[in-house]
Amino acid sequence: MEVYEAINEMRRCSERGESFSFAFMSYSYERKSGGIVKIERARLRKQSRKENNRFADYMLNFIDLDTMEYGMCWQPLLLEFNGHELKLK
């Protein structure tokens with residue numbers, strides 16, 4: 001499955017109120033990256049505005065439904081969606 005197909009399916013699941021699992025490689029300009037992050041039950045949140053985050057078009061905002069913590073990840077660093085390995089086009 002391609003990364004952007006997975007993102008579209010994540011959006012559809014979130015709109016229906018369903019959860020999904022996914023994994024991504026963490027990356028931050030401000031702190032040391034933590035390697036691969038796996039979220040078992042998540043939903044997407046509203047995207048950030050470009051005025052608040054200049055990289056908003058390249059990021060996903062999500063909520064971890066097990067911890068109720070908000071998170072963000074870079075779209076190109078998505079590795080897995082619902083057990084399916086992802087690839088860039």
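Scroll up a little and you will see the structure.
Residues numbered from 1 in each chain as written. Predicted model: local features only at pLDDT ≥ 70, side-chain atom pairs only at ≥ 80, totals over all residues. Heavy atoms only, no water.

Q: I'd like a description of the sheet that holds strand S1 (residues 20-25), backed by residues and values.
A: Spatially, six strands are ordered S4-S3-S2-S1-S5-S6 in an open sheet, and the strand pairing comes out antiparallel. Only two strands of the sheet have a single partner each, and these edge strands are strand S4 (69-74) and strand S6 (84-85). Two elements, S1 and strand S2 (residues 36-44), share five bridges in a ladder whose sense is antiparallel. Paired with Ala-23 across the bridge in S2 is Lys-38. Its contacts with the sheet place helix H1 (residues 3-15) against S1, S2, strand S3 (59-64) and strand S5 (78-81), and it is angled at close to 55° to S5. (Pairing = 2+ DSSP bridges. Helix = DSSP H or I, 4+ residues; strand = E, 2+ residues; numbered from the N terminus. Contact = heavy atoms within 4.5 Å. Axes fitted to C-alpha atoms, helices over the stretch in contact; angles between N-to-C directions.)

Q: Residue-level account of the packing of aromatic side chains, with values.
A: This model, assessed by the stated rule, comprises seven aromatic pairs. Measuring from centroid to centroid gives 5.7 Å for Phe-20 and Phe-22, while their planes differ by 50°, and the two rings are tilted. Exposure class is identical for Phe-20 and Phe-22. Each is buried. Here a set of aromatic residues connected by ring pairs shows up, and it is made of Phe-20, Phe-22, Phe-24, Phe-62 and Phe-81. Lying over the aromatic face of Tyr-70, Arg-45 brings its terminal NZ or CZ to 4.1 Å of the ring centre. (Phe/Tyr/Trp six-rings, centres within 6.5 Å; stacked < 30°, edge-to-face > 60°. Buried < 20%, exposed > 50% of the residue type's maximum accessible area, 1.4 Å probe, protein only. Lys NZ or Arg CZ within 6 Å of the ring centre and 35° of its normal.)

Q: I'd love a proper account of the layout of surface pockets, names of residues and values included.
A: Volume-wise, the largest pocket comes out at about 380 Å³. Forming the walls of the largest pocket are 17 residues, and the residues nearest its centre are Tyr-27, Ser-28, Arg-31, Met-59 and Trp-74. Of all the elements in the fold, those that place two or more residues in the lining of the largest pocket are S1 and S4. Per-element tally for the lining of the largest pocket: the top contributor is S4, with three residues. Among the residues making up the lining of the largest pocket, the classes are represented as nine nonpolar, five polar and three charged. (1 Å grid on protein atoms, 1.4 Å probe; cavity = no way out; pocket = protein on both sides within 12 Å on 5 of 7 lines; lining within 4 Å. Points joined across faces, edges and corners; volume = space filled by probe spheres on them. Nonpolar A, V, L, I, M, F, W, Y, C, P; charged D, E, K, R; others polar.)

Q: So what's going on with the nonpolar core? Residues and values would help.
A: Counting 17 residues, the largest nonpolar core has Met-10, Phe-20, Phe-22 and Leu-78 as its most contacted members. Elements supplying a minimum of two residues to this core: H1, S1, S2, S3 and S5. Counting residues per element, this core draws most heavily on H1, which supplies five residues. Apart from residues no more than four positions distant in its own chain, Phe-20 is found in contact with Met-10, Cys-13, Ser-14, Ile-39, Glu-40, Arg-41, Ala-42, Arg-43, Leu-44, Phe-81 and Asn-82. (Core = buried A, V, L, I, M, F, W, Y, C linked by side-chain atoms within 4.5 Å.)

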